[in-house]
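One letter stands for each residue in the lines below.
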Amino acid sequence: MSEQSTGLRETVRQRYAAAAVKVSEGGTACCGTEPVEVDENFGSALYAADEREALPAEAVAASLGCGNPTAVAELREGERVLDLGSGGGIDVLLSARRVGPSGKAYGLDMTEEMLALALANAGRAGATNVEFLKGTIEAIPLPANAIDVVISNCVINLSVDKPAVFAETFRVLRPGGRIGVSDVVADDTLTPEQRAERGDYVGCIAGALSFTEYRAGLEAAGFTDIEITPTHPVADGMHSAVVRAGKPATATATVPDPVATPAVDDSCCGVTACCTPAEQTTDPSTTVSAAKSAAECACRS
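Everything numeric in this text was worked out from a predicted model, so none of it was measured. (Residues numbered from 1 in each chain as written. Predicted model: local features only at pLDDT ≥ 70, side-chain atom pairs only at ≥ 80, totals over all residues. Heavy atoms only, no water.)

Draft legend 1. Molecular detail of the overall build of the chain. Within the chain one finds 10 helices and 10 strands. Counting over 301 residues, the chain shows a buried share of 54%. At a minimum sequence separation of 6, the contacts of the chain that also span at least 24 residues come to 67%. Carbon and sulfur atoms provide 53% of the accessible area of the chain, an area that totals close to 12,600 Å². (Helix = DSSP H or I, 4+ residues; strand = E, 2+ residues; numbered from the N terminus. Buried < 20%, exposed > 50% of the residue type's maximum accessible area, 1.4 Å probe, protein only. Contact = heavy atoms within 4.5 Å. Areas by Shrake-Rupley, 256 points an atom, 1.4 Å probe, with all protein chains shown as cover.)

Structure, rendered in structure tokens:
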């Protein structure tokens, strides 16, 4: 990763960590230049009143997105859902309600403060079919073919390596799985420089792909049946959009349910049962944390 990309990722992490702290202190958060900036284009106002009322106030206050992916993902009872960049957990908790006790909702976030807030919100909601993972959306700490639906709410535009996000999303989806994503997308006529003029990176604007770029990225990863539908403007030539796509049913063979089989990636992390309470090193002479650090594992804690 380049120095510029590393700097951008750290800027994003700091901004969302500040947002989580603000919510924990009783404030609100939204995508924007300040942690407490809220307008009609981002945040909890994009959710139905009955959805907001059914969740802890802290989960609603921490809503940072540009849409409501759970409203478009058509989640079904018993499905396994992964939310990329789960933040305070609003979409994970809504997904958990939709898939029911026979399903499961995973949340993935790189920010310690957001993960702590999400875990607290899950406790307040009494949600038992949820799990929050620490890691980046460019290196998802789950096995291949393990997830039925991937959702995300205004997070992919923040990634410094979007091809990796699309490839990882495709990898963890089971054959026949699908994505239902809300994200910011730019008109094809806008150059990257013009997008940057309309807003900064952490404000969910400068890093947005164009409609053509988004489609091409998904196609390159292997997705089919791609639909990108703008819903409302967020800046001149920039739109919140619903993105749907599928992984072909013949893409690969399926693997066992990750609930029954712990996530294992020995080649990456140097441990068995990686990211679970049962994890152990494959090399008895080293510790789990040392093995993960040496391998640059996506979930090191």
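Draft legend 2. How the structure looks around unusual backbone geometry. In this model, Asn145 sits at a positive phi of 60°, which is unusual for a non-glycine residue. Note that Asn145 resides in the loop between strand S3 (130–134) and strand S4 (147–153). Of note in the backbone geometry, Cys154 takes a positive phi value of approximately 60° without being a glycine. Mapped onto the elements of the fold, Cys154 is located in the loop between S4 and helix H6 (162–172).

Draft legend 3. How the structure looks around the packing of aromatic side chains. Counting across every chain of the model gives 2 aromatic pairs. Taking the centre distance of 5.4 Å and the plane angle of 50° together, the rings of Phe166 and Tyr214 count as tilted. With Phe166 in helix H6 and Tyr214 in helix H8 (residues 211–221), this pair connects stretches of sequence that are 48 residues apart. Side by side, Phe166 and Tyr214 carry an identical accessibility label, which is buried. Measuring from centroid to centroid gives 5.2 Å for Phe170 and Phe223, while their planes differ by 90°, and the two rings are edge-to-face. Linking Phe170 in helix H6 with Phe223 in the loop between H8 and strand S7 (224–235), this pair joins segments that are 53 residues apart in sequence. Taking the relative accessible area as the measure of exposure, Phe223 reaches 4% and is therefore buried. Between the NZ or CZ atom of Lys247 and the centre of the ring of Phe170, over which it lies, the distance is 4.8 Å. (Phe/Tyr/Trp six-rings, centres within 6.5 Å; stacked < 30°, edge-to-face > 60°. Lys NZ or Arg CZ within 6 Å of the ring centre and 35° of its normal.)

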